[in-house]
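These are the residues of each chain, in order.
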Amino acid sequence: MAEQIPLYPVRSAAAAANCKRATYFSAAGPGPGAERSSRYQLEDESAHLDEMPLMMSEEGFENDESDYHKLPRARIMRRKRGLEWFVCGGWKFLCTSCCDWLINICQRKRELKARTVWLGYPEKCEEKHPRNSIKNQKYNVFTFIPGVLYEQFKFFLNLYFLVVSCSQFVPALKIGYLYTYWAPLGFVLAVTIMREAIDEFRRFQRDKEVNSQLYSKLTVRGKVQVKSSDIQVGDLIIVEKNQRIPSDMVFLRTSEKAGSCFIRTDQLDGETDWKLKVAVSCTQRLPALGDLFSINAYVYAQKPQQDIHSFEGTFTRVGLLDLELNQLTKALFLALVALSVVMVTLQGFSGPWYRSLFRFLLLFSYIIPISLRVNLDMGKAAYGWMIMKDENIPGTVVRTSTIPEELGRLVYLLTDKTGTLTRNEMVFKRLHLGTVSYGTDTMDEIQNQLMNSYSQVQSQGGGNNASSTPPRKAQSSAPKVRKSVSSRVHEAVKAVALCHNVTPVYEARGAAGETEFAEADQDFSDDNRTYQASSPDEVALVQWTESVGLTLVNRDLTSMQLRTPSGQILTYCILQTFPFTSESKRMGVIVRDESTAEITFYMKGADVAMSTVVQYNDWLEEECGNMAREGLRTLVVAKRALTEEQYQDFENRYNQAKLSVHDRTLKVAAVVESLEREMELLCLTGVEDQLQADVRPTLEMLRNAGLKIWMLTGDKLETATCIAKSSHLVSRTQDTHVFRPVTSRGEAHLELNAFRRKHDCALVISGDSLEVCLKYYEREFAELACQCPAVVCCRCAPTQKARIVKLLRQHTGRRTCAVGDGGNDVSMIQAADCGIGIEGKEGRQASLAADFSVPQFRHTGRLLTVHGRSSYKRSAALSQFVMHRGLIISTMQAVFSSVFYFASVPLYQGFLMVGYATVYTMFPVFSLVLDQDVKPEMAMLYPELYKDLTKGRSLSCKTFLVWVLISIYQGGILMSGALVLFESEFVHVVAISFTALVLTELLMVALTVRTWHWLMAVAELLSLGCYVASLAFLNKYFDVAFITTVTFVWKVSAITVVSCLPLYVLKYLKRKLSPPSYSKLSS
């Protein structure tokens, strides 16, 4: 059965084998995973390595140079028992276990069984299968309100205010109007529900767009158009060229004669290379598509085996700033309880003291500001709007509006390679012949030499009988040096044009999907020809030979045809093909020139594999190093001429080896290696994988910003290393340590100890070796890898990418960001604290699953250093100022109660409390989301400013305590001053203190602002105007006659100056004596 993975067919009819929402299954056997597990069981024999821990300090190397050291076993922690276990975390374990048990009971999964799928008859399926639809929504109609409420009240802040608001229904505890508590809480919930509803609706629209893609379904009555979500198990689907396959499918038939089809597995492993697949032979031989219904066939598949790690449901992300604020809220609650207990204690515990305690808890409840959540949520929405409106990063979409400030706290950036850092577009850059090198600016010389060479051949031999190699008589007329170079160029280009697995494809003139295979309807012109191969490198080489004059025009399983610059067609018979493998690192082909009957063995591969099979030379190693430093992917090309007798002897031994029962692979390899001796070195080619625009400066900027960048790719080691160097992920002066392949615990132990000796070098490791290291030495590997300036993980499966992200989060506790563009990157993106998806050639899966979507990788630089930095600093300032606003009024309440014999009587009631948190101070405080310390251009020019954010200094215990002290000072001054200056009536105290409080808050906003925006000034004037205008309507709280006197004005002014002026002086002195880093850049 064909591989059931998202593929790129040329044009095929397929049967949907299984449709599973957001999950891919494979009906193949257990696969390599089963082999790996059994291999690890054998490795358990090396359990004695437990007594040989890895050396994690330099002292071990100084004392003994051996790789193993007899060290004592790790200490086993004492197991806690009884009450100690319960208090120290046992209760949490019990609750988690009970919840997991209930979830398993409620969501008991259906047992997976083998399936029988009838071709073209979904109604015959006995088992009911889920819909083939993508769903990224978090809620449905019934769970939306409960889910949103749960997400809000799981935070201590909102839960606390819910309890406080409910307490006002108890008459003995009521200290004010109900709306003073329920109105702010209702406003917060309304804003949250609206925001979640908007996000949910956008997710619904994105899912609908994906699920509404149309596909051609083959029925008994002909073709019909169906939506992707309406495809059922057993349907026959016609997939056109370059169309994404909508579900797991079996490859039944194609319009190509041989039943071949080139597919891409980029949604599985990130590789965008074309892979040749062959349709089921019995269905391919059918005369017409309609015969698929007459054969009455079915597919029997074993039970589904999960092939790709998938996330069912949705992830709710919570930013680090929210967690930090949640901790500070708990600290404020402890302060609230302590202050209330002190008040009751000073009261002497007289009367029903417990009721007084609860009333004090209510009076001081403004210590924990309920408006904190709504201000932060609205601020995050504003940050998202600013990001999407930034003209410097057009096309950026904020898909999760809850964590924009996370972009300012990142330490690890994990990125995919293909489609993220590179365009996956290969361009031929250099041809080196040993004595002469040709670059992009001298390719015309190759074209001229090739044209002259073939024209000489045609003139000497005439017609199609001419030899493909210039005869000596023709060469003698040219100078000796010119003759030598021309001949070598000719042989090198011909070798590159013949040694590959590329197939030219021509579009049919008729309608796609026709049952007749008429080649006469195909257009064989150059403009209609495209190349398909298992590697983009191969296509780049063949396209280059076409550009210099030698064109591949046709190829099948037994022959290929080349067209010379003069239009002559050269036909070669393909005798043997040796495909590229990761073990051999080379590929070869044996061809016979039909015009001369010459047999030639061509081979190309990596320099490490080819250096031992070519004749002695003194330039190959040096030039390979030079090209690698330029970021080029190198291939060494060689040939060996064979006589008819040599080839027949090889063919007999080769066929005999392929029929061997025991050690077949080794015997076949030995026969092939008998040919790979003393081969003639022809040339060295250099191909460049085009990087995305501005990748190098972006990576350099992020590195200077303090981010550690890891590249996780499914590509092979050599390619990943080459891209890491060309993109400057690894600097040219930096050493690279390639982790040797390990398969056992002992090998991993030795290799990790060898890597421990290296200092300040980038690590390159394969997925298989990584799996072994994480199985036995997870902590040690994480410790060593985190010390590297850069890490490259190649041949990574999607599950490994996600596991690496989780490892970094658990081991370091730092914030991680994953960047990818394909479906194979979704698990990595969702496992990270912050996910960035790139809309590229590999589809929109990563973009839809990510928190932020950008068109190009270079936009991540501005997204992090500008928007991430400003979002975090603004949120930190906003949250601390909102807490200050609650602390200062609670301090005034405490002073007031202390003066009046510790009475639990509110200082301000009714509308004054609601107005203070809303119209009087809300707009100026919220305008802090527009503040910035440096201009965006300066933040990108000096990315080092980003480093300070990772330390969390903008919102820390130190800054929090500073704001607490400011609040206590100002609250004490305002209340004490009002009590000292009032004359006769208590209402004057309320008028003086409240007015001074509002003015103080407006002045403190002005003190906090670093760069003024015109909207900030409007907010200040608007709030002041609203308060002055409302004085005329607050007869219940203020004496209107008193507030219009000069006495009221000077008393309020005096108290306000005393509360604010010292802070202005301290800020001025601090900026002069210890200016922040950004102030130096601003000046």
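Right, let's walk through the structure included here. (Residues numbered from 1 in each chain as written. Predicted model: local features only at pLDDT ≥ 70, side-chain atom pairs only at ≥ 80, totals over all residues. Heavy atoms only, no water.)

**Points about a nonpolar patch on the surface**
Our working rule: Residues enter patches when they are more than 30% accessible in relative terms and free of salt bridges; like-charged ones are connected within 9 Å and nonpolar ones (Val, Leu, Ile, Met, Phe, Trp, Tyr) within 5 Å. Where accessible areas are quoted, they stem from the Shrake-Rupley method and a 1.4 Å probe; at the residue level, only the protein chains shown are allowed to cover. The term salt bridge refers to a side-chain nitrogen of Lys or Arg lying within 4 Å of a carboxyl oxygen of Asp or Glu. In DSSP terms, a helix is any run of H or I states spanning at least four residues, a strand is any run of E spanning at least two, and both are numbered starting from the N terminus. For every residue, the accessible area (1.4 Å probe, protein chains only) is compared with the maximum for its type, and the residue is labelled buried under 20%, exposed over 50%, or partly exposed between those bounds.
On the surface, Leu1003, Val1057, Leu1061, Tyr1064, Val1065, Leu1066, Tyr1068, Leu1069 and Leu1073 cluster together into a nonpolar patch covering about 880 Å² of accessible area. Broken down by element, the nonpolar patch gets its largest block of residues, eight residues, from helix H37 (residues 1046–1073). Secondary-structure assignment places leucine 1066 in helix H37. Using a relative accessible area of 54% as the deciding quantity, one classes leucine 1066 as exposed.

**Concerning the environment of cysteine 786**
The condition that has to hold: In this analysis, two residues are considered to be in contact whenever any of their non-hydrogen atoms come within 4.5 Å of each other.
Relative to the helices and strands, cysteine 786 is located in the loop between helix H24 (778–785) and strand S28 (790–794). For cysteine 786, a relative accessible area of 9% puts it in the buried group. With 374 residues separating them along the chain, cysteine 786 and tyrosine 412 place their C-alpha atoms 9.4 Å apart. Setting aside anything within four residues of it in sequence, one finds cysteine 786 in contact with Tyr412, Lys708, Trp710, Leu808, His811 and Thr812.

**Let's talk about helix H23 (residues 767–776)**
A large share of H23 lies buried, amounting to eight of its ten residues. Taken residue by residue, H23 has Gly767, Ser769, Leu770, Glu771, Val772, Cys773, Leu774 and Tyr776 as its buried positions.

**Comments concerning empty space enclosed by the protein**
In this approach a probe as big as a water molecule rolls over the atoms, and the regions it shows empty are the leftover space. The condition that has to hold: Cavities and pockets are defined on a 1 Å grid built over the protein atoms alone: a cavity is a set of grid points where a 1.4 Å probe fits but cannot escape, while a pocket is an open set with protein on both sides within 12 Å along at least five of seven lines, and lining residues are those with an atom within 4 Å of any such point. Grid points are joined across faces, edges and corners, and a volume is the space filled by probe spheres set on the points. Three residue categories are used. Nonpolar comprises Ala, Val, Leu, Ile, Met, Phe, Trp, Tyr, Cys and Pro, charged comprises Asp, Glu, Lys and Arg, and polar comprises the others, including Gly. Each domain span listed reflects an automatic or database assignment of domains.
Scanning the entire structure with this criterion turns up five cavities of 30 Å³ or more. As for the largest cavity, its lining consists of 17 residues, and the residues nearest its centre are Tyr181, Tyr366, Pro906, Tyr908 and Met913. Of all the elements in the fold, those that place two or more residues in the lining of the largest cavity are helix H6 (179–211), helix H10 (353–363) and helix H28 (859–899). In terms of residue count, the dominant contributor to the lining of the largest cavity is H28 (three residues). In terms of residue class, the lining of the largest cavity is made up of eleven nonpolar, six polar and no charged. When residues of the lining of the largest cavity are assigned to domains, at least three map to each of domain 1 (132–211) and domain 3 (365–392 + 864–1080).

**A word on the sheet that holds strand S22 (residues 599–605)**
Quick note on the threshold: The pairing criterion is simple: DSSP has to find at least two bridges between the two strands.
Reading across from one edge, S15-S14-S24-S23-S22-S21-S20-S19-S18 is the order of the nine strands in this open sheet, with antiparallel pairing throughout. Lying at the two open borders of the sheet, with one neighbouring strand each, are strand S15 (437–438) and strand S18 (551–555). Two strands pair when backbone bridges link them, and S18 and strand S19 (residues 559–563) are joined in this way by four bridges, in the antiparallel orientation. Along S19, the bridge assignment pairs arginine 555 with methionine 560.

**What about the pairing of S22?**
Among the seven residues of S22, seven are classified as buried, and the element is accordingly described as predominantly covered. With burial as the criterion, each face of S22 is covered, one bearing Ile599, Phe601, Met603 and Gly605 and the other bearing Thr600, Tyr602 and Lys604. Relative to S22, strand S21 (residues 586–593) is paired through seven bridges, and the arrangement is antiparallel. Within S22, the residue paired with arginine 592 across the bridge is isoleucine 599. Joining the antiparallel neighbours S21 and S22 is a turn of five residues, in which alanine 597 adopts a positive phi near 65°. Strand direction decides the pairing type here: S22 and strand S23 (residues 633–642), joined by seven bridges, are antiparallel. Its bridge partner being in S23, phenylalanine 601 is matched across the sheet by arginine 640.

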